[in-house]
Amino acid sequence: MPLPALILIHGYPFDHTMWKDVVLALENKTKVMTPDLPGFGDNPARNDEPSIDLMADDVAGLLQLHSVKRAVVAGMSMGGYVALSFAEKHKEYIAGLGLISTQAITDTPEIQQSRRNLIEKVQRDGTKPAVETLLPKMFSAANQNNSGLTRFPIDGAEKAGVEGICWALEAMARRPDRTGLLRTLKIPATVIHGTEDKIIPPERARQMSQMISNSKYVELPGVGHASPLEAPKAVADALLDLLRRSENFSASEPDKRFRDEPGIIIAPTERGL
């Protein structure tokens, strides 16, 4: 049986380019799809109410567009919030779940307020405050001044613009707690987390993995929040293991294109399907 397709959902304020080295490490293993979420990369911002669930609906639309019956869905940070929503709302499509530098809990009132304070700053001053807030916390100490890595969130925020940044911040602030979902999951899952993550404590990720019955926890020593950029080979290896564990959960009759033609698709999500 072929490996399922793999959907990689980027974090905030990145776009699909953050997965470049992970995708290269998985080349010729299976189809890899790296959509741009609404407002990021080449995908225009939505004009409806901000919602992580709407982002998950867009990913489901992408699978429908490409006739993918089942896929492993993996997301980093905000992308992990989207992956959890997808697992809850579109379970018929999901063969495995990858949660990278992310969490299932909702924001505290204090964090919600800090996001909305940042929205006001971005609306007033442009995207610079969004980058200045994140950069000190995004990477491990060893990579804090690595311009080859720090350019990804800087470029991502600039391309998203005020509209994309603010829509995403509000969507994250509104997201529900999905801790309860974790205990109901039967599909294979992998939780990947860096020991130097300054945004989400590693202990929270370990606890999340323990709540999922068929989960592996992969800890990355010396790696910060942006683990797909800091440790792409380790992330790719963990995802390949997840793909292999998920084979029995893929569709029994996958679309012929995805069975016979391994490769890479980099495409924005498409709405209105």
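All of the points below concern the structure found in this document. (Residues numbered from 1 in each chain as written. Predicted model: local features only at pLDDT ≥ 70, side-chain atom pairs only at ≥ 80, totals over all residues. Heavy atoms only, no water.)

Structural notes on the overall build of the protein chain
Helix and strand counts for the protein chain come out as eleven helices and seven strands. The C-alpha radius of gyration of the protein chain comes to 17 Å, within 12% of the 19 Å expected for a compact globule of 273 residues. In terms of its C-alpha atoms, the protein chain occupies a principal-axis envelope of roughly 50 × 40 × 35 Å. Counting all 273 residues of the protein chain, 58% fall into the buried class. In the structure as shown, the protein chain presents an accessible area of about 11,100 Å², 49% of it carried by carbon and sulfur atoms. Charged side chains of the protein chain number 32 positive and 35 negative; the gap between the two group centres comes to 3 Å. (Helix = DSSP H or I, 4+ residues; strand = E, 2+ residues; numbered from the N terminus. Rg over C-alpha atoms; globule rule 2.2 N^0.38 Å. Buried < 20%, exposed > 50% of the residue type's maximum accessible area, 1.4 Å probe, protein only. Areas by Shrake-Rupley, 256 points an atom, 1.4 Å probe, with all protein chains shown as cover. Lys, Arg positive; Asp, Glu negative; His and termini not counted. Charge placed at Lys NZ, Arg CZ, Asp CG, Glu CD.)

What about empty space enclosed by the protein?
In the structure shown here, the tally under the stated rule is two cavities of 30 Å³ or more. In this structure, the second largest cavity occupies an estimated 50 Å³ of space. Taken together, Ile 52, Tyr 81, Leu 84, Gln 103, Ala 104, Ile 105, Arg 175, Pro 176 and Arg 178 form the lining of the second largest cavity. Broken down by class, the residue content of the lining of the second largest cavity amounts to six nonpolar, one polar and two charged. (1 Å grid on protein atoms, 1.4 Å probe; cavity = no way out; pocket = protein on both sides within 12 Å on 5 of 7 lines; lining within 4 Å. Points joined across faces, edges and corners; volume = space filled by probe spheres on them. Nonpolar A, V, L, I, M, F, W, Y, C, P; charged D, E, K, R; others polar.)

A word on the nonpolar core
In this structure, Tyr 12, Met 78, Leu 97 and Leu 239 are the most contacted members of the largest nonpolar core, which totals 87 residues. In terms of residue count, helix α6 (residues 147-174) provides more of this core than any other element does, eleven residues in total. Apart from the residues lying within four places of it in its own chain, the contact partners of Met 78 are His 10, Gly 11, Tyr 12, Leu 37, Phe 40, Ile 52, Met 55, Ala 168 and Met 172. (Core = buried A, V, L, I, M, F, W, Y, C linked by side-chain atoms within 4.5 Å. Contact = heavy atoms within 4.5 Å.)

Considerations on the environment of Leu 118
In this fold, Leu 118 is placed in helix α4 (residues 109-125). Given a relative accessible area of 10%, Leu 118 falls into the buried group. Between the C-alpha atom of Leu 118 and that of Ser 51, which follows or precedes it by 67 residues, the distance is 17 Å.

A short note on the pairing of strand β1 (residues 5-9)
Most of β1 sits inside the fold, with five of its five residues counted as buried. Neither face of β1 is open: one carries Ala 5, Ile 7 and Ile 9, the other Leu 6 and Leu 8, and all of them are buried. Both β1 and strand β3 (residues 71-76) contribute to a ladder of five bridges, which runs parallel. Counted as the bridge partner of Ile 9 is Gly 75 from β3. (Pairing = 2+ DSSP bridges.)

Let's talk about the layout of surface pockets
Computed from the structure, the largest pocket encloses a volume of approximately 530 Å³. Together, 25 residues line the largest pocket, and Ile 111, Arg 115, Leu 134, Lys 137 and Ile 199 are the ones closest to its centre. Of all the elements in the fold, those that place two or more residues in the lining of the largest pocket are α4, α5 (128-138) and α6. Residue contributions to the lining of the largest pocket peak at six residues, all from α4.

Re helix α2 (residues 52-65)
Here α2 spans 20 Å end to end across 14 residues, near enough to the 20 Å set by a 1.5 Å rise per residue. In this fold, the buried residues of α2 make contact with β1, β2 (32-33), β3, α3 (78-89) and α6. Among the residues of α2, the N-terminal cap falls to Ser 51, whose side-chain oxygen and the backbone nitrogen of Asp 53 are separated by 3.1 Å. At the C-terminal side of α2, Ser 67 shows a positive phi close to 55°. (Expected span 1.5 Å × (residues − 1). Polar contact = N/O pair within 3.5 Å; in protein donor to acceptor, adjacent residues only side chain to side chain.)

Details of the pairing of strand β5 (residues 189-194)
β5 sits mainly inside the fold: six of its six residues count as buried. Going residue by residue along β5, you find Ala 189, Val 191 and His 193 tucked away on one face and Thr 190, Ile 192 and Gly 194 tucked away on the opposite face as well. The pairing of strand β4 (residues 94-100) with β5 spans four bridges and is classified as parallel. By the bridge assignment, Leu 99 is partnered in β5 with Val 191. One ladder, built from six bridges, connects β5 with strand β6 (residues 215-220); its direction is parallel. Bridge assignment links Val 191 to a residue of β6, and that residue is Tyr 217. Handedness of the crossover joining β5 and β6 through helix α8 (residues 202-211) is recorded here as right-handed. (Right-handed = clockwise from strand over helix to strand, strands pointing away.)

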